[in-house]
Amino acid sequence: MTGFEDLTDRVALVTGATGGIGRVVARRLGGRGATVVVVGRSRERGQAAVDEIERAGGEGAFVCADLATTDAVRGLADAFRERYDRLDVLVHNAACSHDDRRLTDDGYEKTLAVNHLAPYLLTHELLDLLRASAPARVVSTSSTVHRRGEIDVDDLHLESGYDALDAYARSKLANLLFTIELAARLDGTGVTANAVHPGFVPGSGLYRDASLPVRAATAVAARLPFVGTSVEDAADGLVRLAAASEVAEVNGVYFEGCERADPDPRVHDDQLRERLWKASADFVGVDPAWP
Ligand SMILES: NC(=O)c1ccc[n+]([C@@H]2O[C@H](COP(=O)([O-])OP(=O)(O)OC[C@H]3O[C@@H](n4cnc5c(N)ncnc54)[C@H](OP(=O)(O)O)[C@@H]3O)[C@@H](O)[C@H]2O)c1
């Protein structure tokens, strides 16, 4: 049976906690006594998530941030640092998928910006707090679909052509490349980094901006009891990585649900990880030599 740490006096930040899987993760961490900072764009859903955390016994706070731009990510980090002097659990869970190619105000392809560049920059901005609070954990929500992702580091904004599923799969591969590289760079610091595929959750909000056929298929799947996972069950792997004692020292591992799994072999390509790390640093304007 899984044993969980007592999160009283611990602080967690969960992006994408206004809905879907992240909202359940935030509520459950609150139920273990944590102070949970909920991040998302919807104030109404953010307040509802905070209410759920407090009903579960934790303390909640909402920070409204659209993670599509580097300014917003830096603003979130500033707002967090103003209010909290520790960070024990950082969960990168927010993600989007769009049918058409969209550019952010920074001029970056949006799926890459929200799903990969935001976690990269937010970790950079909050790493001092994580290190000062160690043992601390960084958990990223990836997906088994990372296996079909292709990364061309010279065309990260997909100027040569766009397909929604390819862009999403690539961002989930980027989550894993980032996690494994971060874990290696943080080895021995007391801050761990791991990633998890939560399961296929057709009933979450992830598919709302997908193409009509994908929306139709997921709407049907969501009604079939034997297809996919509920948001409650999908949260299990994330909550375990964020708070279970048995994985406190696990670092640089990919899980599918609660089971260790082999990621795509490209995740172990040091040169690819290094190139993505450097390109990401360049896009968000930080020195790639961190941490
Ligand atoms: N659903 C699945 O089948 C599935 C499968 C594998 C992996 N995953 C992964 O699981 C994670 C959670 O997905 P989900 O299924 O729970 O999706 P969801 O219901 O759409 O939730 C996504 C969350 O991200 C937030 N978000 C989206 N864009 C944002 C932005 N620009 N800035 C800030 N927050 C933003 C949303 O909040 P606001 O709307 O308030 O901004 C929401 O809280 C994602 O990383 C996804 O890739 C999902």
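None of the values given here were measured: they were computed from a predicted structure.

Draft legend 1. Focus on helix α1 (residues 20-31). Spanning 12 residues, α1 covers 17 Å between terminal C-alpha atoms, matching the ideal 16 Å at 1.5 Å per step. Taken together, the buried positions of α1 are Ile21, Gly22, Arg23, Val24, Val25, Ala26, Leu29 and Gly30. A positive phi of about 100 degrees marks Gly33, the residue just after α1.

Draft legend 2. Geometry of the site of the ligand. Close contacts around the ligand come from 32 residues, with Thr18, Arg41, Tyr168, Val201 and Ser204 the closest. Within the side chain of Tyr168, an N or O atom sits 2.6 Å from an oxygen atom of the ligand. In this structure, an oxygen atom belonging to the ligand sits 2.7 Å away from a side-chain N or O atom of Tyr207. Burial of the ligand by the protein amounts to 98% of the accessible area it has alone, namely 890 Å². Where the shell around the ligand is concerned, the elements lending two or more residues are α1 and α5 (164-186). A per-class count over the shell around the ligand returns 13 nonpolar, 14 polar and 5 charged.

Draft legend 3. Structural context of the nonpolar core. By size, the foremost hydrophobic cluster in this structure holds 56 residues, and its most contacted members are Leu13, Phe80 and Ile151. Excluding its chain neighbours within four sequence positions, the residues that come into contact with Phe80 are Val11, Leu13, Val37, Arg86, Leu87, Leu126 and Leu129. Counting 32 residues, the second largest nonpolar core, distinct from the first, contains Ala34, Val50, Ala235 and Ala244.

Draft legend 4. Spatial organisation of unusual backbone geometry. The omega torsion across Ala134 and Pro135 is 5 degrees, close enough to zero to call that bond cis. Considering the arrangement of structural elements, one finds Pro135 in the loop between α4 (110-133) and β5 (136-141). In the segment running from Trp290 into Pro291, the intervening peptide bond is cis, with an omega of 0 degrees. Among the structural elements, Pro291 can be located in the segment after α8 (270-284). Positive phi, close to 70 degrees, is recorded for Asp9, a residue that is not glycine. Within the fold, Asp9 resides in the segment before β1 (11-15).

Draft legend 5. Focus on the pattern of salt bridges. Enumeration according to the criterion identifies 21 salt bridges in this entry. Of the charged contacts in the structure, one is a salt bridge between Glu52 and Arg23, with a shortest N-O distance of 2.8 Å. Residue Glu52 is located in helix α2 (residues 43-55), and its partner Arg23 is located in helix α1; the two are separated by 29 residues in the primary sequence. Via salt bridges that share partners, Glu181, Arg185, Asp270, Arg273, Glu274 and Lys278 belong to a single interconnected network.

Draft legend 6. Representation of the UniProt feature "domain: Ketoreductase" (unreviewed entry) in the protein chain in the model. According to UniProt, the feature "domain: Ketoreductase" (unreviewed entry) maps to residues 10-189 in the numbering used here. Secondary structure across residues 10-189 comprises 48% helix and 15% strand; the distance between its end C-alpha atoms is 18 Å.

Draft legend 7. Structural view of α4. Taking 1.5 Å of rise per residue, 24 residues should cover 34 Å, and α4 covers 32 Å from first to last C-alpha, within 8% of that figure. Leu126 marks the point of greatest bend in α4, at about 55 degrees. Within α4, 20 of the 24 residues are buried, which leaves the element mostly enclosed by the surrounding structure.

Draft legend 8. Spotlight on the environment of Leu186. Following the sequence through the fold, Leu186 ends up in helix α5. With relative accessibility at 1%, the residue Leu186 sits in the buried group. Taking the C-alpha atoms as reference points, Leu186 and Pro291, 105 residues apart in sequence, are found 7.3 Å from one another. When sequence neighbours within four positions are dropped, the list of residues in contact with Leu186 reads Leu127, Val191 and Pro291.

Draft legend 9. Main features of the sheet that holds strand β6 (residues 191-197). If you trace the 8 strands from one edge of the open sheet to the other, you get β3-β2-β1-β4-β5-β6-β7-β8, paired in mixed fashion. Edge positions in the sheet fall to β3 (59-64) and β8 (259-260), since each of these pairs with one other strand and no more. Examined bridge by bridge, β6 and strand β7 (residues 254-256) share 3 bridges and lie parallel to one another. Across the sheet, the residue bridging to His197 is Glu256, located in β7.

Draft legend 10. Local environment of the packing of aromatic side chains. Summed over the entire model, instances satisfying the criterion amount to 8 aromatic pairs. Residues Phe80 and Tyr84 carry aromatic rings whose centres are separated by 4.9 Å and whose planes lie at 35 degrees to one another, so their mutual orientation is tilted. We classify Phe80 as buried; its relative accessible area is 1%. Its end group placed over the ring of Trp277, Arg185 keeps NZ or CZ at 4.2 Å from the ring centre.

Each value, and the rule that gives it
Residues numbered from 1 in each chain as written. Predicted model: local features only at pLDDT ≥ 70, side-chain atom pairs only at ≥ 80, totals over all residues. Heavy atoms only, no water. Helix = DSSP H or I, 4+ residues; strand = E, 2+ residues; numbered from the N terminus. Expected span 1.5 Å × (residues − 1). Buried < 20%, exposed > 50% of the residue type's maximum accessible area, 1.4 Å probe, protein only. Near = heavy atom within 4 Å. Polar contact = N/O pair within 3.5 Å; in protein donor to acceptor, adjacent residues only side chain to side chain. Areas by Shrake-Rupley, 256 points an atom, 1.4 Å probe, with all protein chains shown as cover. Nonpolar A, V, L, I, M, F, W, Y, C, P; charged D, E, K, R; others polar. Core = buried A, V, L, I, M, F, W, Y, C linked by side-chain atoms within 4.5 Å. Contact = heavy atoms within 4.5 Å. Salt bridge = Lys/Arg side-chain N within 4 Å of Asp/Glu carboxyl O. UniProt positions renumbered as here; feature names shortened; annotations may be inferred. Bend = angle between axes of the 7 residues up to and from the residue. Pairing = 2+ DSSP bridges. Phe/Tyr/Trp six-rings, centres within 6.5 Å; stacked < 30°, edge-to-face > 60°. Lys NZ or Arg CZ within 6 Å of the ring centre and 35° of its normal.

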